[in-house]
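One-letter residues, chain by chain:
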Protein chains: 2
Amino acid sequence: MAITVNQIAQKCGVSRTTVLRALNGGGSVKKETKEKILQVAEENNYRPNLLARSLNHGRTMSLGVVTINIENMYFVQSLNTINKEADKRGYFTNIVVCDESLEWERKLIRGLAERQMEGIMINPLNQGSEFEEFLLSLHIPIVCIGNQVSEKITTVQVNEMAAAMDAVELIASKRYEQIVFVCPPLEVQGQQNIYVHEQRLKGFKAAMGIHCGLHSEVVGKKEFLPDIERILSGNPERRTAFLCSGDSYALTIKQWGEKKNMKIPEDFGLMGFDDISVLQYISPKLTTVSTNLEGVAAAAVVELIQQIDSEEYSPKSIILNYKILDRDTL
Amino acid sequence: MAITVNQIAQKCGVSRTTVLRALNGGGSVKKETKEKILQVAEENNYRPNLLARSLNHGRTMSLGVVTINIENMYFVQSLNTINKEADKRGYFTNIVVCDESLEWERKLIRGLAERQMEGIMINPLNQGSEFEEFLLSLHIPIVCIGNQVSEKITTVQVNEMAAAMDAVELIASKRYEQIVFVCPPLEVQGQQNIYVHEQRLKGFKAAMGIHCGLHSEVVGKKEFLPDIERILSGNPERRTAFLCSGDSYALTIKQWGEKKNMKIPEDFGLMGFDDISVLQYISPKLTTVSTNLEGVAAAAVVELIQQIDSEEYSPKSIILNYKILDRDTL
DNA sequence: TTGTAGGCGTTATCAG
DNA sequence: CTGATAACGCCTACAA
C-alpha cells in the first residue's frame, strides 16, 4: 500500500542507499538528487515501516501496558501519566485492556511480548509462582503496579498497610466505636491477585489490635450490602464507620445509605481508598486515601526504562508516599 | 534475547524450514526430529517475532485506537467492547491515549500507521479539510466514532440531533418554562472537533423553534457556573431545566446546586448526554440520553474490519439508535 | 557523491 | 521427509 524506499529508488533511478541518505540524512547526496527524492517521498506520502526498522536494529521503542477493567477506573487514571512519561523518553505506549479474565491477561502479555515491546507494565490480576515463571520466561523487562507478583519482579506501590493503619487512626480519632473493613471477596485469595487489598487488610487488623476497645468486622463478599444493613441495624446506637478497600465500594454503600435516607457522616462514617477521579462529582466529599496513582505510574515508567537500559538489573520494590485525605464523610 | 527459528535449527542440526514445519505444522516431519525441535523450542521459550512475521506477509492483524482524555470517561467505556469485538475476529487492539492536544493526536495516528496497524479508530479531536487530507493520505482504513471529520471517512454515531430534539420534548412535557443548553466552549469551533455538540445544539435549536413559547438560552463556555447562577437567580420562579451536552457538565451543575442547598428536580431540572458509567454512583439518578457507546464501538470494529477486507470500499455514515433515559432529575 | 552486499526473523516456493 | 533460496522494508558497513 504505502510506498517503500525501494520504490522511491526505482522512481528516481538511484539506489536505496541514496534514498535513505536523502531521507534520514546520513552522508552527502547531490542537491538535485536529494530534492527529487524528497519530492517523490512527499508526493507519495512516504512513511517508514517501523516494523522493518525495528526488526533491523532490534529496538521498537515501545512499551506495553495491560490495564484491567476500565470501568473500575482504578489504574485508568495512570494511563495519561504513563503515556506522557514514556513519550518524554522517546517511547511509544501501547495499551491493551484486560476484562477481568486471568487467561486474557496472559494472552495479552504474550501478545505484547511477541510484538516486541521493550518493556511491559501490569497491574496484575494473576498471581502465584506459575504466573511468576511465565513472566520471567518472557525475558522482558516488566514492572508491576500495585499488585505484587513476586520479589523477582519490580513492583511500584504505596505502603498500603501503613495507609490502612493511618486510616484506622483517623477513624478512631473521630470517636467511632466500630470499624468495618469492606473489601473484595476473600475467597479468591490464591487464585486472583488481590495483593493490595490483603495489605490493607493486614494494616486494618494490626491497627485494630492497637485499638482493642473498638469493635471490628471484616466484610469480604461480592454482595456486601446485606452485611452492611445487618451491621447497622444490629446495633443502631453504636457509632460505626466503614473503611472500604476501594472507593467504588464506598460509593456503593453511600448510594445505598442515601436510599435509606441515612445521613453521612451522621448515621455512619465512610472512608475509601484510591481517590479515584469520579469523586470530584460526589458530595459530600468522600474521605479517602490517595494512593498516588500518578506518582506510581510515573515511577513505573522510569523504572521500566531503566530496566531496559541496564545490562545488570536487579528487581526492586519501590514504595511511594500515600496521603490521607480527611474530607467530609467521617 | 529470545531464541529464533534459526537458532533452533542450528541446535537441532536441521534447516529452519524443518523447524517451521514442526512448529507451525505445514508439511510432514520425522517424528523424532519434530519432538526434538518442539522440546528445544519449549525449553528456550520460543515465541515468534510478530514483527518479522508481519513484515513478511504484510499483515499485522492489529487495530489501533486513539482515545481522548481518559478522565472524561466518554469513549473509555467503549474500549472494552472494541477490544472484545476485535479479538473475536482475530485482531489485536492497541490503544493510545491522547491528552487533548491536536498535535498529539496526529502524532499518535501517524505512530499507529507507521507501526502498520491495519485500521484505526478515532474519536477525533482534530477537524477540517487539512486533517481530512492527513487521514486520507495515510491510505489506511479509518473509522471515526462520534465526531465526524468528513464524508470521505466512515463515521459511526447516533443521531445526535434527533436525540437532542427528543430530549427537549421530554423536558417540555414536564412543564418547564425555560430550557438552557449547556455545552463546551463554542469559540473552539473551527479549530477543535466538537461535531457531536454542534449536532446536539442544532437539535436543541430546532426543537426550541417548535416550542416557541418556552424561554431558551445556550451556555457554551469553560466557566459556565456563573451563568447558571445568573439564570437561576434572575428569574427564580421560572421553572428551568438544563440540558447538558455531556453528563459531566450535568454532574458539575448538580454538585454546584447541592452546595447551594438546592433540590433537583424541585429547584431546577437537569438532563445529561451519554450515560457515562459513573452515573451508577450518583443519586438522584440523572436523566440522560444513552448514546449507545457499546453499540457504536462494536459497529465501528465491524465496519473497520470490513473496510480492511474489501477491495472496493466506499465510506459510510452509520447511525445507531440512542435512547432517552427518563430518570429522576426532571 | 553513489552503489553493492548482507542481515534482522519469518514465511512461501520450489526442488531434491 | 528435508533443504535451498528469495522475499518483506529497512539499515549499516564497505567499496567504488
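As the structure is a prediction and not an experimental result, all values here were calculated from the model. (Residues numbered from 1 in each chain as written. Chains lettered and ligands numbered in written order. Predicted model: local features only at pLDDT ≥ 70, side-chain atom pairs only at ≥ 80, totals over all residues. Heavy atoms only, no water.)

As enumerated under the stated definition, the model contains eight aromatic pairs over all chains in all. Sitting over the face of the ring of Tyr176(A), Arg239(A) holds its NZ or CZ atom 4.2 Å from the ring centroid. (Phe/Tyr/Trp six-rings, centres within 6.5 Å; stacked < 30°, edge-to-face > 60°. Lys NZ or Arg CZ within 6 Å of the ring centre and 35° of its normal.)

In this section: the relation of the copies chain B and chain A. Overlaying chain B on chain A yields an RMSD of 0.1 Å, the required transformation being a rotation through 180 degrees with an accompanying axial translation of 0.0 Å. Classification of the inter-copy transformation places it as that of a two-fold axis. Distance from the rotation axis, computed per C-alpha, reaches its smallest value in chain B at Ile95(B): 2.4 Å. Mapped onto chain A, 100% of the interface residues of chain B again fall at the interface, so both copies present the same surface. (Least-squares fit on C-alpha atoms with pLDDT ≥ 70 in both. Contact = heavy atoms within 4.5 Å.)

On to the interface of chain B and chain A. Listed as interface residues are 55 residues of chain B and, on the opposing side, 56 residues of chain A. The interface formed by chain B and chain A includes four salt bridges. Here chain B and chain A share 17 residue pairs in polar contact (both at pLDDT 80 or more) between them. Mapped by element, the contributors of at least two residues to the side of chain B that touches chain A are α4 (50-57), α5 (76-88), β2 (92-98), α6 (102-114) and α11 (247-259) of chain B. A breakdown of the residues in the side of chain B that touches chain A according to their chemical character gives 25 nonpolar, 20 polar and ten charged. (Salt bridge = Lys/Arg side-chain N within 4 Å of Asp/Glu carboxyl O. Polar contact = N/O pair within 3.5 Å; in protein donor to acceptor, adjacent residues only side chain to side chain. Helix = DSSP H or I, 4+ residues; strand = E, 2+ residues; numbered from the N terminus. Nonpolar A, V, L, I, M, F, W, Y, C, P; charged D, E, K, R; others polar.)

Attention now goes to the sheet that holds strand β7 (residues 215-219) of chain A. Residues and elements named next belong to chain A. Read from one edge to the other, the open sheet built from four strands follows the order β7-β6-β8-β9, with strand pairing classed as parallel. On the outer flanks of this sheet lie β7 and β9 (269-271), each paired with one strand and no other. Within the sheet, the average angular offset between the axes of one strand and its neighbour, ignoring direction, is 15 degrees. By the bridge criterion, five bridges tie strand β6 (residues 178-182) to strand β8 (residues 240-244) in an arrangement that is parallel. Bridging across to β8, Val180 finds its partner in Phe242. (Pairing = 2+ DSSP bridges. Axes fitted to C-alpha atoms, helices over the stretch in contact; angles between N-to-C directions.)

Right, let's get into the protein's contact with DNA strand D. By nearness alone, 24 residues border DNA strand D, and Val5(A), Arg53(A), Asn56(A), Arg16(B) and Thr18(B) come closest of all. A distance of 3.1 Å is found between a phosphate oxygen of DNA strand D and a backbone nitrogen or oxygen belonging to Ser15(B). Thr18(B) has a polar side-chain atom sitting 2.6 Å from a phosphate oxygen of DNA strand D. Of all the elements in the fold, those that place two or more residues in the surface near DNA strand D are α2 (16-24) and α4 (50-57) of chain A together with α2 (16-24) and α4 of chain B. Among the residues making up the surface near DNA strand D, the classes are represented as eight nonpolar, eleven polar and five charged. (Near = heavy atom within 4 Å.)

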